[in-house]
Number of protein chains: 2
Amino acid sequence: MMTDADAREGEIALDVPPLADDAGIAFIGHIASSWKNRSECPRNIRQARERGGWSRLCVAAPFRPALNGLAVGQPIVVLYWLGEARRDLIMQRPRHRETATGTFNLRSPVRPNPIGLAVTTIRSLDALEGVLEIDPLDCVDGTALLDIKPWLESIDLPHGFTPAG
Amino acid sequence: MMTDADAREGEIALDVPPLADDAGIAFIGHIASSWKNRSECPRNIRQARERGGWSRLCVAAPFRPALNGLAVGQPIVVLYWLGEARRDLIMQRPRHRETATGTFNLRSPVRPNPIGLAVTTIRSLDALEGVLEIDPLDCVDGTALLDIKPWLESIDLPHGFTPAG
């Protein structure tokens, strides 16, 4: 845990950490990646794409039949568990920001439920071994995997979205 | 639980449901909506948008400061908990499909971790009361809320994405 001395100006922590026993989740595998520790890990997906490196979803044996139908080139949403992050900060000031802002306006892993979310693309797929090579993510080797969903243009864009530029 | 007699052709269930005690999650509020029960609830976000109705995120008091910085018109990602869904099906055949397919290739709530994900837009915002009106979602009134994240064009589109049509 951070001590008060570590807090940055404008940050607010809950008096008690959020109760984390409303429901339970299961790890379905892990994410293997070229980033072996947090210090070398890119801070966001854009950096991960720019710096190269690799990421791979490794699905545990019982769940591998659930990969049926997924295909190389398909965009997917990956949910993962950032279990080392503190969960009690509701206002926070990341290093790249001048002022604090609300946790729900940030993609920081520090949040009541440290569920990471990434949109990526399947580059190769071995359903038997449960291994999917994907466009690189910003998470360290060994991160626990929670879910894989197909990304669908019909529902996963904001209503009325048109690309910038 | 479904009995074997309810299974549709091609469906596969795990011998045991996935262990759900790898980590714990906290409910940060709930989703209020015009769909009061499952029978009237739209089956996906596209249907929800077409049929009208409304959805509203209700954030519990301790977490409301975490809304700081969010703004009307901003696209967000909402994560929610579909706790009534069974969690053991790894191959399934939704009513609209001819054949069974893998759970990770479906957006069905039936999955090892029944975390729903929706991209939507903030239509009005009362940070003091913790209420955000949003473009309608396909979940019933009272669904537990897990997280709100800003949707970011720079990371939440598949790499190289160009819109269809």
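Here, every reference points to the structure presented above.
As the structure is a computational prediction, the values presented were derived from the model and not from experiment.

Definitions and cut-offs
- Residues numbered from 1 in each chain as written.
- Chains lettered and ligands numbered in written order.
- Predicted model: local features only at pLDDT ≥ 70, side-chain atom pairs only at ≥ 80, totals over all residues.
- Contact = placed C-beta atoms within 7 Å.
- Helix = DSSP H or I, 4+ residues; strand = E, 2+ residues; numbered from the N terminus.
- Nonpolar A, V, L, I, M, F, W, Y, C, P; charged D, E, K, R; others polar.
- Pairing = 2+ DSSP bridges.
- Axes fitted to C-alpha atoms, helices over the stretch in contact; angles between N-to-C directions.

Caption draft 1: Representation of the interface of chain A and chain B within the structure. At the interface, 62 residues of chain A touch 62 residues of chain B. At the level of elements, β2 (23-25), α1 (45-51), β5 (75-81), β6 (89-92), β7 (101-102), β8 (115-126) and β10 (143-150) of chain A are the ones that each hand at least two residues to the side of chain A that touches chain B. Broken down by element, the residue count for the side of chain A that touches chain B peaks at six residues, all from β10 of chain A. Taken together, the residues that form the side of chain A that touches chain B break down as 38 nonpolar, 13 polar and eleven charged. Bridge analysis of β2 of chain A against strand β2 (residues 23-25) of chain B gives three bridges, and the strand direction is antiparallel. In the sheet register, I25 of chain A faces β2 of chain B, and the bridge partner there is A23 of chain B.

Caption draft 2: The arrangement of the sheet that holds strand β1 (residues 12-13) of chain B in detail. Residue and element names in this part refer to chain B. If you trace the three strands from one edge of the open sheet to the other, you get β1-β6-β7, paired in antiparallel fashion. Strands at the two margins of the open sheet, each flanked by one partner only, are β1 and β7 (101-102). Two strands pair when backbone bridges link them, and β1 and strand β6 (residues 89-92) are joined in this way by two bridges, in the antiparallel orientation. Bridge pairing in β6 links I12 to M91.

Caption draft 3: Spatial organisation of the sheet that holds strand β9 (residues 131-134) of chain A. Residue and element names in this part refer to chain A. With respect to topology, six strands assemble into a closed barrel ordered β3-β4-β9-β8-β5-β10, the strand pairing being antiparallel. For this sheet, the mean inter-axis angle between neighbouring strands, taken without regard to orientation, is 45 degrees. Note: β8 against β9, four bridges, orientation antiparallel. What sits directly across from L125, in β9, is L132.

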